[in-house]
Amino acid sequence: MTTASGQHVSDYMHRQLEVVPQDTSVVTVAARMKTRSIGSVLVESFDRPHNDCRIAGIVTETDLVSKVLAQGKVPSRTSMADIMSSPLITIAPDRPMVDASHLMQTKNVRHLVVTEGTDVLGVISVRDLVRHFVDADGGPVQALSNVYRPLSVLMKTAIETIGSEETALAAAQRMSEKHIGALFVIEADELVGIITEGDLVRKLLAYQLDPEAMRVGALMNSPLLDIDINRTIRDASERMAAKRIRHLAVTEHEKVVGVLSIRDLVKMVAIRDRPDFLKRGSA
């Protein structure tokens with residue numbers, strides 16, 4: 001095992017970058033996200049004064065859902081330049097992983113671009129944070145393993161739902177309005193599945209399907225993947241990683257009592273180590 005503060009961003013960042021030109025359409029990017037099983041792409045812009053290209057922004061699944069689907073834009077006519085987040089939120093490769101956690105928490109993002117000077121070296125995601133902090137010996141996530149039912153501390157008890165007969169457009173608008181990445185799906189007053197931003201991107205946008213015609217029930221993941229409230233944080237992390245998902249239903253006596261997201265697994269890090277982060281940031 002590693003210590004919570006013993007490794008840096010460079011140890012966990014992804015060096016193989018997915019980069020697209022700024023005039024690439026939403027449809028093309030959604031298809032790439034589906035094929036490559038990725039949640040973001042970097043956007044390249046041509047710098048005319050210097051006659052070269054530079055990384056100007058980033059587009060994530062959240063951007064495709066909130067800035068395109070939820071707003072009723074035509075995906076084939078919407079480019080990366082229209083929706084990319086810019087300027088980039090960056091972090092240096094020699095910063096400790098806890099600093100990456102704080103930046104994601106304060107900026108409310110799931111990806112950071114790793115830079116050194118003007119060079120883009122890689123990308124680090126919230127999934128990488130989980131991989132580090134769950135395995136770290138003596139870190140805040142590891143400390144929660146000694147807490148009775150730690151998942152009950154981390155999970156959200158407010159469950160946002162949507163009917164299976166509602167449209168994909170309605171799901172996108174609800175996610176955007178609530179600033180969440182998933183909705184539980186109800187059918188005949190029972191929770192039967194979950195629909196996520198990833199589903200809307202990879203099952204709808206990538207195939208250029210009509211969000212006003214497609215029903216949530218046709219796009220949802222079912223049966224619902226869950227974890228018992230008495231299991232450990234490591235159990236939840238491993239289940240998410242094995243199934244390549246970012247949300248789990250938390251059950252007690254086989255009844256859903258909350259939802260756990262990948263962000264929830266590391267949120268205690270930002271709370272516990274905030275003073276040290278602020279001290280390093282002002283140094």
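None of the values given here were measured: they were computed from a predicted structure. All residue numbers refer to positions counted from 1 along the written sequence of the respective chain. Local features in this predicted model are restricted to residues of pLDDT 70 or higher, and side-chain atom pairs are both shown and tallied only at a pLDDT of 80 or more, whereas totals for entire chains, interfaces and linings draw on every residue. By convention in this description, side-chain values take in all heavy atoms of the structure and omit both hydrogens and water.

Student: Is there a simple way to think about the overall build of the protein chain in this case?
Tutor: Going along the chain from the N terminus, every DSSP run of H or I of four or more residues is numbered as a helix, and every run of E of two or more is numbered as a strand. Across its full length, the protein chain holds 14 helices and 12 strands. A 1.4 Å probe rolled over the protein chains alone gives each residue an accessible area, and that area as a share of the maximum for its type sets the label: buried under 20%, exposed over 50%, partly exposed in between. For the protein chain, with 283 residues in total, the buried portion stands at 47%. When contacts within the protein chain are restricted to residue pairs at least 6 apart in sequence, long-range pairs at least 24 apart make up 62% of them. Note that accessible areas follow from Shrake-Rupley with a 1.4 Å probe, and for residues the cover is restricted to the protein chains shown. Split by element, the accessible area of the protein chain, about 14100 Å² in all, is 47% carbon and sulfur. Only heavy atoms enter the contact rule, under which two residues are in contact if any of them lie within 4.5 Å.

Student: What am I meant to see in the confidence of the model for the protein chain here?
Tutor: Low-pLDDT stretches of the model should not have their predicted coordinates read in fine detail. On average, residues of the protein chain score 88 in pLDDT, and 87% of them reach the 70 mark or higher. Scored from 0 to 100, pLDDT reflects the predictor's confidence in each residue. The least confident element of the protein chain, judged by mean pLDDT, is helix 14 (residues 274–281) at 46; the most confident is strand 7 (residues 161–163) at 98. In this model residues 273–278 is a low-confidence stretch, pLDDT under 50, and it forms 8 contacts with partners more than four residues away in sequence or in other chains.

Student: How should I be thinking about the packing of helix 9 (residues 168–178) against helix 10 (residues 197–204) in this particular structure?
Tutor: The geometry of a pair of packed helices is captured by two quantities: the angle between their axes and the separation between those axes. Put simply, helix 9 and helix 10 touch, their axes get as near as 10 Å, and they point 145° apart. The two elements helix 9 and helix 10 meet at a crossing, and its hand is left-handed. Along the contact surface, helix 9 presents A168, A172 and M175, while helix 10 presents E197, L200 and L204. Split by residue class, the contact of helix 9 with helix 10 holds 5 nonpolar, no polar and 1 charged. As a rule, the C-alpha atoms of each element are fitted with a line to give its axis, helices using only the stretch in contact, and angles between N-to-C directions run from 0 to 180 degrees. Working rule for handedness: look at the near helix, and if it is turned counterclockwise from the far one by less than a right angle, call the crossing left-handed; if clockwise, right-handed. All residues other than Ala, Val, Leu, Ile, Met, Phe, Trp, Tyr, Cys, Pro, Asp, Glu, Lys and Arg, Gly among them, are scored as polar; the first ten of these are nonpolar and the last four charged.

Student: I would appreciate a short explanation of helix 10 in the present structure.
Tutor: By the criterion of burial, helix 10 is predominantly enclosed, with 6 of the 8 residues buried. Among all positions in helix 10, only E197, G198, D199, L200, V201 and L204 are buried. Elements that come into contact with the buried residues of helix 10 comprise helix 2 (26–36), helix 3 (61–69), helix 9, strand 9 (190–196) and helix 11 (216–219). You can read the cap of helix 10 off the contacts: a side-chain oxygen lies 3.3 Å from the backbone nitrogen of G198, and it is on T196. Whenever a nitrogen or oxygen atom comes within 3.5 Å of another N or O atom, the pair is scored as a polar contact, on the condition that within protein one atom can donate a hydrogen and the other can accept it, and that pairs from neighbouring residues in sequence are kept only if both atoms are in side chains.

Student: Would you take a moment to explain the sheet that holds strand 8 (residues 182–187) for this structure?
Tutor: Within a sheet, each strand pairs with its neighbour through backbone hydrogen bonds, oriented either parallel or antiparallel. Two strands are counted as paired when DSSP detects at least two bridges linking them. If you walk across this open sheet you meet the 3 strands as 7-8-9, and the pairing is mixed. Only two strands of the sheet have a single neighbouring strand rather than two, namely strand 7 and strand 9. Sheet twist, expressed as the mean angle between neighbouring strand axes with direction ignored, is 40°.

Student: Hey, could you run me through the environment of K156 in this one?
Tutor: Mapping K156 onto the fold places it in the loop between helix 8 (150–154) and strand 7. The spacing of K156 and V250 is 94 residues in sequence and 9.2 Å in space, taken between C-alpha atoms. Those residues within four positions of K156 in sequence are excluded, and the remaining contacts are G258, V259, S261 and D264. Here the side chain of K156 touches D264 through a polar contact of 2.7 Å, side chain to side chain.

Student: Help me out: how do you make sense of the sheet that holds strand 5 (residues 111–116) in this one?
Tutor: The strand order 4-5-6 describes an open sheet built from 3 strands, whose pairing is mixed. Edge positions in the sheet fall to strand 4 (90–91) and strand 6 (119–125), since each of these pairs with one other strand and no more. Bridging between strand 4 and strand 5 involves 2 bridges; their strand directions are parallel. Of the residues in strand 5, the one forming a bridge with T90 is V113.

Student: I would appreciate a short explanation of the pattern of salt bridges in the present structure.
Tutor: Where charged atoms of side chains with opposite charge meet at close range, the side chains can pair. For this document, the term salt bridge refers to a Lys or Arg side-chain nitrogen within 4 Å of an Asp or Glu carboxyl oxygen. Taken as a whole and assessed by the stated rule, the structure comprises 13 salt bridges. The closest approach of N and O atoms between E61 and R246, which form a salt bridge, is 2.7 Å. Residue E61 is found in helix 3, and its partner R246 is found in the loop between helix 12 (233–243) and strand 11 (247–252); the two are separated by 185 residues along the sequence. Across this residue pair, the class does not change: E61 and R246 are buried. Where R149 meets E252, a salt bridge forms, and the shortest distance between an N and an O atom there is 2.7 Å. Taken together, the residues span a long stretch of sequence, with R149 in the loop between helix 7 (140–143) and helix 8 and E252 in strand 11 at a distance of 103 residues. For R149, a relative accessible area of 21% puts it in the partly exposed group. Classification of E252 as partly exposed rests on a relative accessible area of 25%. The network of salt bridges with shared partners includes E18, R32 and R36.

Student: Explanation requested: the packing of helix 5 (residues 97–107) against helix 6 (residues 126–135) in the structure shown.
Tutor: Put simply, helix 5 and helix 6 touch, their axes get as near as 10 Å, and they point 140° apart. As judged from the angle between their axes, helix 5 and helix 6 are oblique. At the point where helix 5 passes helix 6, the crossing takes the left-handed sense. Where helix 5 approaches helix 6, its residues M97, V98, A100, S101 and M104 are matched on the opposing element by V126, D128, L129, H132 and F133. Each residue belonging to the contact of helix 5 with helix 6 can be placed in one class, and the counts come to 7 nonpolar, 2 polar and 1 charged. Angular relationships are summarised with four words: roughly parallel below 35 degrees, roughly antiparallel beyond 145, roughly perpendicular across 65 to 115, and oblique for the angles in between.

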